[in-house]
Amino acid sequence: MDMNTLKIVAPVLPNIPWEDRPSGCTAPLWRYSKNPVIPRDLLPDSNSIFNSAVVPFKDGFAGVFRCDDTNRRMALHAGFSKDGIHWDIKPEVLRFTGADPEVAEWVYGYDPRVTLLDGKYWVSWCNGYHGPTIGLAWTEDFETFHQVENAFLPYNRNGVLFPRKIGGRYAMLSRPSDTGHTAFGDIFYSESPDMEFWGHHRHVMAPAPFEVSAWQCMKIGAGPIPIETSEGWLLLYHGVLRSCNGYVYSFGSALLDLEQPWKVLSRSGPYLLSPQTPYECMGDVPNVAFPCAALADSATGRIAVYYGCADTVTGLAFGYIGEIVDWTKKHSIL
Ligand code: BMA
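Notes on the structure follow. (Residues numbered from 1 in each chain as written. Predicted model: local features only at pLDDT ≥ 70, side-chain atom pairs only at ≥ 80, totals over all residues. Heavy atoms only, no water.)

### So, the sheet that holds strand β23 (residues 313–320)
Here's step 1: Strand order in the open sheet made by the 4 strands is β2-β23-β22-β21, with antiparallel pairing throughout. Pairing within the sheet leaves two strands with one partner each, and these edge strands are β2 (29–31) and β21 (289–297). Across the sheet, the axes of successive neighbouring strands diverge by a mean angle of 30 degrees, strand direction being ignored.
Here's step 2: Judged from the 8 bridges that link them, strand β22 (residues 302–309) and β23 form a sheet pairing that is antiparallel. Its bridge partner lying in β23, R302 is registered against Y320.
Here's step 3: Of the strands in this sheet, β2, β21, β22 and β23 touch helix α3 (residues 321–330), which is tilted by about 85 degrees from β23. (Pairing = 2+ DSSP bridges. Helix = DSSP H or I, 4+ residues; strand = E, 2+ residues; numbered from the N terminus. Axes fitted to C-alpha atoms, helices over the stretch in contact; angles between N-to-C directions. Contact = heavy atoms within 4.5 Å.)

This is the structure:
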C-alpha cells in the first residue's frame, strides 16, 4: 500500500494529543511518556478510572469515563478536556434520562464507547439489566444523556457502534458472553434501521488458535469506534490469553470490509500493545490493556488511543493510521 494515498475518513484534529515516536522505537504504537494520562484518584472518591471513551467536542474533547468508586461500584461520569491530556471529570455520576422505566433503572454501567453519528454523540456501554447487555444513549452536550432501549438481550459486552450507517442501517459490533468473566467470546456484527431494533447478525471474528496468536486465543472484543480508511475499517480489538497466573488482556488490529464489515480483510498476529509497564501490570486487575477510544486526525494520519491499564488507570498511546494499516496487512494471520 502506498501510505500517501491512504484515505482516512475522520475530522481534521490539529489539537490531537501527541508525542513523536521515541528514537529507536520501531513499534507501530508507542506510549505517552507521562502515562498514566488519567490517575486512579482524579475524583476524590474514585478507586479507579479506566476503560473510558473520548471524542472531539467543541474546541477540545469530551468523554464518558468508567469511574469505579471506593465502594467499588461501577459508574460512568462525563468529562471535558482542552488538550485530551488534562481532564476535568465531573464528580457526580452520569444518569440517563428518557428511557422506558422497565430498562431505565440504574444497576451498573461500564466500558463506554462514544461516537459522533448523524449529529449526535452516541454512547454504548455495558449496562446491567438482569446481567450485562449493551445500553445505548445519545447526547448533544455531555450534560443530558437520552437513553434508548438496550440493543440486545443479556449477556453481551463490548458494543461498539460504527460512526456512520452502512448499507442504509446503523451498525454495531458486540460480543455475546455470559454472567461472569467469560472464558469464550467472538465478535458479531448487527444492523438496525432505527437504533432500537437490531438484527441481521453476522459473525465477524473468533479467538485465534493459540498456536497462531496466543494473546487472542481465549476471547476477543471490539475496542474503539472503527476508523474508516480506503483500505477498510481499522478496528482495534482486545484479546485475552489465559495464563497460569490469570487472564492477560492485549490489543491488536484488523481491517474489515467497508460495506460488509463482517468480512475480515486482515488481522494482526502480533499484538499492537500488551501489558508491560508497571501501571499495566500492577493494579486491581494485573496485566490488562483495554482500549475503548481512539482520536484520529485525517490531516496527519495520527491516532491517539486511550486504554484502560490494569483496571485502575487510563493510558494513552500514539501511532500513525497508515503505518498500523500497513502493519496489520503485513502481519495478518488470515
Ligand atoms: C472484562 C471487563 C473489563 C475489564 C476486563 C479485565 O471482562 O469487565 O471491564 O477491564 O474484564 O478485568
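### Some thoughts on the pairing of strand β13 (residues 170–176)
Here's step 1: In terms of burial, β13 is largely enclosed, as 6 of its 7 residues are buried.
Here's step 2: By the bridge criterion, 4 bridges tie strand β12 (residues 156–161) to β13 in an arrangement that is antiparallel. Bridge pairing in β13 links L161 to M172.
Here's step 3: Across 5 bridges, the pairing between β13 and strand β14 (residues 187–192) is antiparallel. Looking at β14, one finds that S174 is bridged to F188. (Buried < 20%, exposed > 50% of the residue type's maximum accessible area, 1.4 Å probe, protein only.)

### Brief notes about the environment of S213
Here's step 1: Within the secondary structure layout, S213 lies in the loop between β15 (199–205) and β16 (219–222).
Here's step 2: Look at S213 and you get buried, because its relative accessible area is 2%.
Here's step 3: Separated by 120 residues in the primary sequence, S213 and I333 place their C-alpha atoms 8.1 Å from one another.
Here's step 4: The contacts of S213, once residues within four sequence positions are left out, are A208, S268, G269 and I333.
Here's step 5: At a separation of 3.1 Å, a polar atom in the side chain of S213 contacts the side chain of W215. (Polar contact = N/O pair within 3.5 Å; in protein donor to acceptor, adjacent residues only side chain to side chain.)

### Section: unusual backbone geometry
Here's step 1: Across the junction of N35 and P36, the peptide omega takes the value -5 degrees, indicating a cis bond.
Here's step 2: Structurally, P36 can be placed in the loop between β2 and β3 (46–57).
Here's step 3: The omega angle of the peptide bond from P154 to Y155 is 5 degrees, so this bond is cis rather than trans.
Here's step 4: The residue Y155 is located in the loop between β11 (145–147) and β12 in this model.
Here's step 5: Notably, N287 is not glycine yet its phi reads approximately 65 degrees, a positive angle.

### Quick word on the site of the ligand
Here's step 1: Lining the immediate surroundings of the ligand are N51, R66, Y110, D111, H181, Y249, V285, V288, F290 and D311.
Here's step 2: In this structure, N51 approaches the ligand through a side-chain N or O atom, which is 2.9 Å from an oxygen atom.
Here's step 3: Compared with its free state, where it exposes 310 Å², the ligand has 92% of that area covered by protein.
Here's step 4: Of the pockets mapped on this structure, the ligand occupies the largest pocket.
Here's step 5: Partitioned by chemical class, the residues of the shell around the ligand number 5 nonpolar, 2 polar and 3 charged. (Near = heavy atom within 4 Å. Areas by Shrake-Rupley, 256 points an atom, 1.4 Å probe, with all protein chains shown as cover. 1 Å grid on protein atoms, 1.4 Å probe; cavity = no way out; pocket = protein on both sides within 12 Å on 5 of 7 lines; lining within 4 Å. Sits in = over half its atoms within 2 Å of the grid points. Nonpolar A, V, L, I, M, F, W, Y, C, P; charged D, E, K, R; others polar.)

### Notes on the packing of aromatic side chains
Here's step 1: Overall, the coordinates contain 23 aromatic pairs when judged by the stated rule.
Here's step 2: Taking 6.0 Å as the distance between ring centres and 85 degrees as the angle between the ring planes, the aromatic pair formed by F96 and F145 counts as edge-to-face. Residue F96 is located in strand β7 (residues 96–97), and its partner F145 is located in strand β11; the two are separated by 49 residues in the primary sequence. Residue F96 shares its accessibility class with F145, and that shared class is buried.
Here's step 3: Taking 5.1 Å as the distance between ring centres and 80 degrees as the angle between the ring planes, the aromatic pair formed by F162 and W233 counts as edge-to-face. Taken together, the residues span a long stretch of sequence, with F162 in the loop between β12 and β13 and W233 in strand β18 (residues 232–243) at a distance of 71 residues. (Phe/Tyr/Trp six-rings, centres within 6.5 Å; stacked < 30°, edge-to-face > 60°.)

This is a description of form; function is not addressed.
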